[in-house]
Amino acid sequence: MGFPDASTRAGKGFLDQYNAISHDIFILIWACFMAGCLVQYVRACTRDGVAPFGLLAAMRWVTRHVRRYPLVALLFLIYSIGLVATATWYYPEIIGWYADVDQGDLLNHFRFVPSFVGETMKRNDFRFFPLAHQDLHVLSWFTPYVKVWAMVNALEAIAVVILIVRFVRLILHASVPGLPLLVTLLLLLQSSFLESFYQFIFAERLLSLCFVAYAYSYLSWTKNRGKRYLYSALAAALLGVFLKEISLMLFVLPAALRAAYVLAMQGRQGWQRLRLERWIGWLLFGTVVAYGLLTALPSFYSGLDSYASRSSSFFTSGVRSWFLVGFVLVRSVLIFSRRCTPSLLDAFNAGALAYGIALYRFKGFSELCDPSGSHCDNYLVMPVLLVAAIDLAYLYGLVVLRFSAERRIAPRVWSGVVLAGCAGLAVLEQYQGSGVLQAAIPMAQRQESWRNAYAAMKQMAVQDRESGKPVNIIFSRQSWFNKRRHLHRLVFNRLIRFDPLSGVYDVMLGTGRGDRYNPKVGDYLLDIDGRLEVVKTVDSCWLFNQICYELVYQSGSGGKEGRVFRAVKDGANDAESNKPIRS
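Keep in mind that what you see is a predicted model, and the values were worked out from it rather than measured.

A. Inspection of the overall build of the protein at higher detail. Check the secondary structure of the protein and you find 18 helices and 10 strands. Computed over C-alpha atoms, the radius of gyration of the protein comes to 27 Å, within 12% of the 25 Å expected from 2.2 N^0.38 for 583 residues, which places it in the range of a compact globule. Each of the three principal axes of the protein carries a C-alpha extent, and together these read 85 × 70 × 45 Å. Residue burial in the protein is summarised as follows: out of 583 residues, 49% are buried. Of the side-chain charges in the protein, 60 are positive and 40 negative, and the distance between the mean point of each set is 12 Å.

B. Summary view of helix α8 (residues 179-188). Most of α8 sits out of view: 10 of its 10 residues are buried. Every buried residue of α8 is listed here: Leu 179, Pro 180, Leu 181, Leu 182, Val 183, Thr 184, Leu 185, Leu 186, Leu 187 and Leu 188.

C. View of the pattern of salt bridges. Applying the stated criterion across every chain, the model contains 17 salt bridges. Notably, a salt bridge pairs Glu 156 with Arg 205, separated by 3.1 Å at the nearest N-O pair. Taken as a pair, Glu 156 in helix α7 (residues 146-172) and Arg 205 in helix α10 (residues 204-222) lie far apart in primary sequence, 49 residues in all. Both residues of the pair, Glu 156 and Arg 205, count as buried. With a closest N to O distance of 3.1 Å, Arg 477 and Asp 499 form a salt bridge.

D. Up close: the nonpolar core. Ranked by internal contacts, the top residues of the largest apolar core, which has 147 residues, are Tyr 214, Phe 242 and Phe 481. For this core, the element with the highest residue contribution is α7, accounting for 15 residues. Setting aside anything within four residues of it in sequence, one finds Tyr 214 in contact with Ala 233, Ala 236, Ala 237, Leu 250, Phe 251, Ala 255, Ile 280 and Phe 348.

E. Main features of a nonpolar patch on the surface. A contiguous nonpolar patch, built from Leu 71, Leu 74, Leu 77, Ile 78, Ile 81 and Leu 419 and spanning about 550 Å² of accessible area, is present on the exposed surface. The greatest single-element share of the nonpolar patch, amounting to 5 residues, is contributed by helix α3 (residues 70-86). With respect to the element layout, Leu 71 can be found in helix α3. Residue class for Leu 71 comes out partly exposed when judged on its relative accessible area of 36%.

F. Molecular detail of the layout of surface pockets. Its volume calculated, the second largest pocket comes out at about 900 Å³. Around the second largest pocket sit 27 residues that line it, and Tyr 261, Thr 341, Pro 342, Ser 343 and Asp 346 are the ones nearest its centre. Contributions of two or more residues to the lining of the second largest pocket are made by α10, α12 (248-266), α14 (319-336) and α15 (344-362). Among the residues making up the lining of the second largest pocket, the classes are represented as 15 nonpolar, 6 polar and 6 charged.

G. Representation of α14. Taking 1.5 Å as the rise per residue, α14 with 18 residues should run 26 Å; its terminal C-alpha atoms sit 26 Å apart, in good agreement. Of all the residues in α14, the buried ones are Arg 320, Ser 321, Leu 324, Phe 327, Val 328 and Arg 331. Along the axis of α14, the buried residues cluster in a sector spanning 120°; they form a single face. Those residues of α14 that are exposed and aimed more than 90 degrees away from the buried face are Leu 329, Val 333 and Phe 336.

H. Quick look at the state of the cysteines. Considering all chains together, one arrives at 1 disulfide under this definition. A sulfur-sulfur distance of 1.9 Å marks the disulfide that ties Cys 541 to Cys 548. Classification of Cys 548 as buried rests on a relative accessible area of 13%. Cys 32 provides the cysteine sulfur closest to Cys 37, a residue in no disulfide bond, and the two sulfurs are 11 Å apart.

I. Region of the structure containing the pairing of strand β4 (residues 494-499). In terms of residue burial, β4 counts as a mostly covered element, since 5 of its 6 residues are buried. Alignment of strand β3 (residues 472-476) against β4, held across 5 bridges, turns out to be parallel. In the strand pairing of β4, Ile 473 is matched with Leu 495. Bridge count between β4 and strand β5 (residues 504-510): 6 bridges; the pairing is antiparallel. Counterpart to Arg 497 in the pairing with β5 is Asp 506. Here β4 folds back onto β5 in antiparallel fashion, the turn holding 4 residues, of which Gly 503 has a positive phi close to 75°.

J. Molecular detail of the environment of Val 50. Mapped onto the elements, Val 50 comes out in the loop between α1 (9-48) and α2 (55-68). Take Val 50: its relative accessible area is 32%, and that puts it in the partly exposed class. Once the C-alpha coordinates of Val 50 and Arg 228 are considered, the two residues, 178 residues apart in sequence, prove to be 9.6 Å apart. In contact with Val 50, not counting residues within four places along its chain, are Cys 45 and Arg 228.

Calculation notes
- Residues numbered from 1 in each chain as written.
- Predicted model: local features only at pLDDT ≥ 70, side-chain atom pairs only at ≥ 80, totals over all residues.
- Heavy atoms only, no water.
- Helix = DSSP H or I, 4+ residues; strand = E, 2+ residues; numbered from the N terminus.
- Rg over C-alpha atoms; globule rule 2.2 N^0.38 Å.
- Buried < 20%, exposed > 50% of the residue type's maximum accessible area, 1.4 Å probe, protein only.
- Lys, Arg positive; Asp, Glu negative; His and termini not counted.
- Charge placed at Lys NZ, Arg CZ, Asp CG, Glu CD.
- Salt bridge = Lys/Arg side-chain N within 4 Å of Asp/Glu carboxyl O.
- Core = buried A, V, L, I, M, F, W, Y, C linked by side-chain atoms within 4.5 Å.
- Contact = heavy atoms within 4.5 Å.
- Patch = residues over 30% accessible without salt bridge, like charges linked within 9 Å, V, L, I, M, F, W, Y side chains within 5 Å.
- Areas by Shrake-Rupley, 256 points an atom, 1.4 Å probe, with all protein chains shown as cover.
- 1 Å grid on protein atoms, 1.4 Å probe; cavity = no way out; pocket = protein on both sides within 12 Å on 5 of 7 lines; lining within 4 Å.
- Points joined across faces, edges and corners; volume = space filled by probe spheres on them.
- Nonpolar A, V, L, I, M, F, W, Y, C, P; charged D, E, K, R; others polar.
- Expected span 1.5 Å × (residues − 1).
- Arc of directions from axis to C-beta.
- Disulfide = S-S within 2.5 Å.
- Pairing = 2+ DSSP bridges.

None of the figures reported here should be taken as evidence of function without further support.
Given below as structure tokens:
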């Protein structure tokens, strides 16, 4: 007995059932291993006399460091306020996810939200990132407020900075003045960092946190600072490798390079020193098996093209990526000329370069924003640029230690050097097209225009209903907004979907649901996300599908997004009416 054809209803049902069962088993196994790592971490902390989750000690630590680094604390306070104040769900992808979160009158919290699961575990196009976005999934169980989600994003950003500072201090064996300020500015002025932490839909945010936690724990473990770092490194890797297909480059490749170096230098005697590396090897084996069972098999069965085949490889670089390449080349020359020995930082640099190459092959590598200034989608390169920031902080530490050994320089002088250098870098990146403002302004304007257009449509619909006028709202089938995604909450007589491919209008909700529809004078045309091609003609007539509309609302940005039109002239009377459709 063979399997049903994937294109049939039975085949689709079989595929959905396979995806559900296989991913349930995967999550159960993964949770068991993660719980084991956390239990062993707590036990190791107890043996080392360290409180693993001491709230009072953490509060004292925060108070002490805020007093010690007031400028860094002020920068993060401003950054956090900005994140929380401007956080909305009016953005691609998160619109659909949030529509599922607030269902059930906010009473059915602890459930698998279909949109979060379907985005990562039911694609069947050879994509493999089963745990991406699941931090938001779990967070949505406890609060539906995106402002609270933004607070968590801000805490994750702070954690990334803290871990990088600790990593650089540990590899330098010294506390360097101005280092926390430098790392903070390098990241906050990085457009890809802002984009990843400003938006909720990008897995690079959690991936970067896992990576820096893994790097710090790995370095601490190699320096014999305690067994707890073995388990924290394993926990970070266990989560990180399942957040992105190519994240293996960041977690597995550095371990493989260090293992090769230790075995080359010490032979079989070095095998005992590679406990973490052996566990990472088993993690690689488990990841390959999981990919085969969770992604490869159902993707081959479905017959869909791979996600990568629908993307074009492109490359646009900036000053940070070229700094990483130059730093790696210089270190390579020094290592091969035996003027310095390889370190774990070199292994992570190799992992970052491999990640960048894989990203270029898979999706394209772009550090720069769109030349038109309409958007900035360089979030994908954030892990690579994160390593570049670590390298720059390490180089700064070497310079400071060198000058401090020769003459005494006040810490405030180094802080001034950091401020001046980062200001120059910000100006350079703004000029080359990867500035933080080029990412922040379009994102904020886009979300605000969507939000205001939705609010304007809601207000106009209520006013028309109160005055006794019929309210018919037309939206595009290609829009992120539809009858299940927030438009059902508007006041209307009919909610009508326009299909750009067939040119047909279908009543999705309200009077005559399931019937064809012919636009009439007074109907609204809602274009929140700029998916409709509406052309302006003479006499303030906006022509769409041979129907004349007037523009009744335009967002403050003045672009294609955030617009509401109203029909002022009847369309052609050749549309089929009262013909049932599948709604």
